[in-house]
Amino acid sequence: MRSRPGTTAARLLLAAALAIACGCAALDEVAKVGTSVAESQGKISKEQAQSITRSTGALAKAAEDFTPEQEYYVGRSVGAVIANRYRPYRNDQVNDYINLLGQALAQASDRPETFGGYHFLVLDSDEINAFATPGGLIFVSRGMLRCCDGEDAVAAVLAHEIAHVQLRHGIQSIEQSRKTEALKVLAVEGTKTFGRKELADLTKTFEDSIGDITSTLINNGYSRAFEREADAAAVEILSRVGYDPNALSAMLREMGKRLKPGGLDFAKTHPSPASRIEEISSLGLRGPSSPAPPARQARFRKALGGV
Amino acid sequence: MKARIALPFLLLAFLLAFAAPGSAGKMMSVQVRKGDVRATPNFLGKIVGTMAYGDRVEVLETRQGWMRVGPAGRSAGGWMHSSALSAKRIVLSAGAKDVQAAASGGELALAGKGFNADVEAEFKARNRNLDFSVIDRMQAAEVPQDKIALFLKEGGLAAGGGAR
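Just so it is clear, the model here is predicted, and its values are computed rather than measured.

*Asks:* Can you help me understand the packing of aromatic side chains in this one?
*Replies:* Given two aromatic rings, their pairing is described by the distance between the two centres and the angle made by the two planes. If you walk through the whole model with that rule in mind, you get 10 aromatic pairs over all chains. Between Phe206 of chain A and Phe123 of chain B the ring centres are 5.3 Å apart and the planes differ by 85°, which places this aromatic pair in the edge-to-face class. Here the residue Phe206 of chain A occupies a position in helix H10 (residues 196-220), and Phe123 of chain B occupies one in helix H3 (residues 117-126), the pair thus bridging two chains. Here Phe206 of chain A matches Phe123 of chain B in class, with each residue buried. Grouping aromatic residues by their ring pairs yields a cluster made of Phe66 and Phe206 of chain A together with Phe115 and Phe123 of chain B. Above the ring of Phe151 of chain B, the side-chain terminus of Arg299 of chain A is found at 3.6 Å from the ring centroid. A cation sits over an aromatic face here: Lys124 of chain B above Phe132 of chain B, 4.9 Å from the ring centre.

The following block contains the structure:
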């Protein structure tokens, strides 16, 4: 039995409206529970509890998503875990070049401004890997840079990571239960100074959230859909700046030759280069409007020739 | 048949509820730590001012991802990228009154609440093996805009972050 397109559309609209309404209601409920728990434990007075309940709607909305400020703190700690595991590559020439290129690309993204801005660091590792933490700390390994035959290829790698920041993929890998836990604390915190207990609870939630993200970045990888989105946003960024958007596919081809099956790097956390190239080809990309001047390749060789 | 009649109404309701209203005259909050205000709607524009986290600005004009903003009631102002701004009111010290006022007035974001510097300090104390100085150094390095402009020019590239 086939339903008419109009009916289906109407049903979809209704479902969407219901989903939105239910989402808010669920958050309200959480805030109420948090409030009653705090009240029963004597942490807040009845008046305070009432004022929280009155403002629950706003609080629920406020905590529905992590603010850019919270994202910033999450990103710093995720970054510290990554830098601890891989060690930074201490070479100013290389890091300065990556930062210059990275900033130029980030400014062309749909989210050029984050709470603390974009910052880039090369990791002293032969692994083929790159990471973006929430808020804009981006790491790329020496092994990954060695897959790049020119500046356009490096730009493609960085643009893909910037896209993960722009699309807030990192913060979305935090489990929903953490958000609920954080909201419970926030509901109390809204009208009361922070106590030792709340700080300890929140730090536990924070620690778990950092764990969710680092295990996604290092072990499990994002969903195929997220990677597809990031590739599509990356080629858009490349085009806006004037790099060859086909550089991403070219870079993936080279990466495909170098990745070892069963490796613990991109081989583990990303869809195969071949499947990504196929997805990218469906975007129907055109080449750059003007050829790259020799200066572009020359500065790439100068900065990354010895990486 | 019912669905066919209801559809246009549903669509209308949906659009009314979720369409972005005209943003001119709207108040926005700065949601980044340091928000540069520029003379022109692109990153190569001269920086004419800086706004702090939580500052309220009035939107005077929008152009492809950029907003010309000014302090309320003044016509001049400068350009900020919309990603630096939030429609939510950012409450810097959330006393009960702020929370209640925002509850009736619209959306609210609590600054300095939730995952904040205190939580980070507690996390650091529990994870002493982590070296945050690497992150501090990474964030301290700033790339001057004139260097980016030169980099783009010499590489035969264009600034991609301006109103197109």
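*Asks:* I keep staring at the layout of surface pockets and nothing clicks. Help me out?
*Replies:* In this approach the atoms are scanned with a rolling probe the size of a water molecule, which exposes any empty space left behind. Considering only enclosed or pocket space, the largest pocket measures out at about 620 Å³ in volume. Glu113 and Gly117 of chain A together with Lys34, Asp36 and Glu142 of chain B are, among the 25 residues lining the largest pocket, the residues nearest its centre. For the lining of the largest pocket, the elements supplying multiple residues, two or more each, are helix H5 (92-106) of chain A together with strand E2 (34-38) and helix H5 (145-154) of chain B. In terms of residue count, the dominant contributor to the lining of the largest pocket is E2 of chain B (three residues). Split into classes, the residues belonging to the lining of the largest pocket amount to 11 nonpolar, eight polar and six charged. When its volume is computed, the second largest pocket comes out at roughly 410 Å³. Considering the residues around the second largest pocket, the lining is formed by 19 residues, among which Asp92, Asn95, Asp96 and Asn99 of chain A together with Ala141 of chain B are closest to the centre. A per-element tally of the lining of the second largest pocket places H5 of chain A first, with five residues. Among the residues making up the lining of the second largest pocket, the classes are represented as 10 nonpolar, three polar and six charged.

*Asks:* Before we go on, may I ask you to explain the confidence of the model for chain B in this structure?
*Replies:* When pLDDT is low, close inspection of the predicted coordinates is not appropriate. Across chain B, the average pLDDT comes to 81, with 73% of residues at 70 or higher. A low-confidence stretch, residues 14-21 of chain B (pLDDT under 50), is modelled with four contacts involving residues beyond four sequence positions or located in other chains.

*Asks:* Sorry if this is basic, but what is going on with the side chain of Asp212 of chain A here?
*Replies:* Residue and element names in this part refer to chain A. Along the chain, the position of Asp212 falls in helix H10. Asp212 sits in the buried class, given a relative accessible area of 9%. Of the polar contacts made by the side chain of Asp212, one reaches the side chain of Arg178; its length is 2.8 Å. Not counting residues within four places of it along the chain, the set of residues in contact with Asp212 comprises Ser173, Ile174, Glu175 and Arg178.

*Asks:* How should the pairing of strand E5 (residues 66-70) of chain B be read in this particular structure?
*Replies:* The side chains of a regular strand alternate between the sheet's two faces. All names here are of chain B. Among the five residues of E5, four are classified as buried, and the element is accordingly described as predominantly covered. Relative to E5, strand E4 (residues 56-63) runs antiparallel, the two being bridged by five bridges. Residue pairing across strands places Arg63 opposite Trp66, the latter belonging to E5. Linkage of E4 to E5, two consecutive antiparallel strands, is achieved through a turn of two residues, within which Gln64 is found at a positive phi near 40°. Taken together, the four bridges between E5 and strand E6 (residues 78-81) define a ladder with antiparallel strand orientation. What sits directly across from Arg68, in E6, is Trp79.

*Asks:* What should I look at first to understand the environment of Val48 of chain B in this one?
*Replies:* Residue and element names in this part refer to chain B. Relative to the helices and strands, Val48 is located in strand E3 (residues 47-52). Remark: the alpha-carbon pair of Val48 and Asp36, spanning 12 residues in sequence, is separated by 7.8 Å. Those residues in contact with Val48 that sit more than four places away from it in its chain are Val37, Arg38 and Ala39.

*Asks:* Hey, could you run me through the sheet that holds strand E2 (residues 130-132) of chain A in this one?
*Replies:* Through backbone hydrogen bonds, the strands of a sheet pair up, either in parallel or in antiparallel fashion. Residues and elements named next belong to chain A. The mixed open sheet is built from three strands, whose spatial order is E1-E3-E2. For this open sheet the edge positions go to strand E1 (119-123) and E2, each flanked by a neighbour on one side alone. Going from strand to strand, the sheet's axes swing by 15° on average, the running direction of each strand aside. When E1 meets strand E3 (residues 137-141), the two strands line up parallel, connected through five bridges.

*Asks:* Explain helix H14 (residues 273-281) of chain A here, please?
*Replies:* Because each turn of an α-helix spans 3.6 residues, side chains separated by three or four positions in sequence point in the same direction. Where H14 of chain A is concerned, the buried positions are Pro273, Ser275, Arg276, Ile277 and Ile280 of chain A. On its buried side, H14 of chain A packs onto helix H7 (151-166), helix H11 (224-241), helix H12 (247-258) and helix H13 (266-269) of chain A.

*Asks:* Please clarify how the state of the cysteines should be interpreted in this entry.
*Replies:* Two cysteines joined by a covalent bond between their sulfur atoms form a disulfide. The tally for this structure, following the rule as stated, stands at zero disulfides over all chains. Cysteine Cys147 of chain A is unpaired, with the sulfur of Cys148 of chain A as its nearest cysteine sulfur at 6.5 Å.

*Asks:* What's the story with the confidence of the model for chain A in this structure? I'm lost.
*Replies:* Residue and element names in this part refer to chain A. Per-residue confidence for chain A gives a mean pLDDT of 82, with 77% of residues at or over 70. Note that pLDDT drops below 50 for residues 1-44; the model gives that stretch 48 contacts with residues more than four away or on any other chain. Residue range residues 48-63 is modelled with pLDDT below 50. Its contacts to residues more than four positions away, or to other chains, number 41 contacts.

Criteria and cut-off values
Residues numbered from 1 in each chain as written. Chains lettered and ligands numbered in written order. Predicted model: local features only at pLDDT ≥ 70, side-chain atom pairs only at ≥ 80, totals over all residues. Heavy atoms only, no water. Phe/Tyr/Trp six-rings, centres within 6.5 Å; stacked < 30°, edge-to-face > 60°. Helix = DSSP H or I, 4+ residues; strand = E, 2+ residues; numbered from the N terminus. Buried < 20%, exposed > 50% of the residue type's maximum accessible area, 1.4 Å probe, protein only. Lys NZ or Arg CZ within 6 Å of the ring centre and 35° of its normal. 1 Å grid on protein atoms, 1.4 Å probe; cavity = no way out; pocket = protein on both sides within 12 Å on 5 of 7 lines; lining within 4 Å. Points joined across faces, edges and corners; volume = space filled by probe spheres on them. Nonpolar A, V, L, I, M, F, W, Y, C, P; charged D, E, K, R; others polar. pLDDT = per-residue confidence, 0-100. Contact = heavy atoms within 4.5 Å. Polar contact = N/O pair within 3.5 Å; in protein donor to acceptor, adjacent residues only side chain to side chain. Pairing = 2+ DSSP bridges. Axes fitted to C-alpha atoms, helices over the stretch in contact; angles between N-to-C directions. Disulfide = S-S within 2.5 Å.

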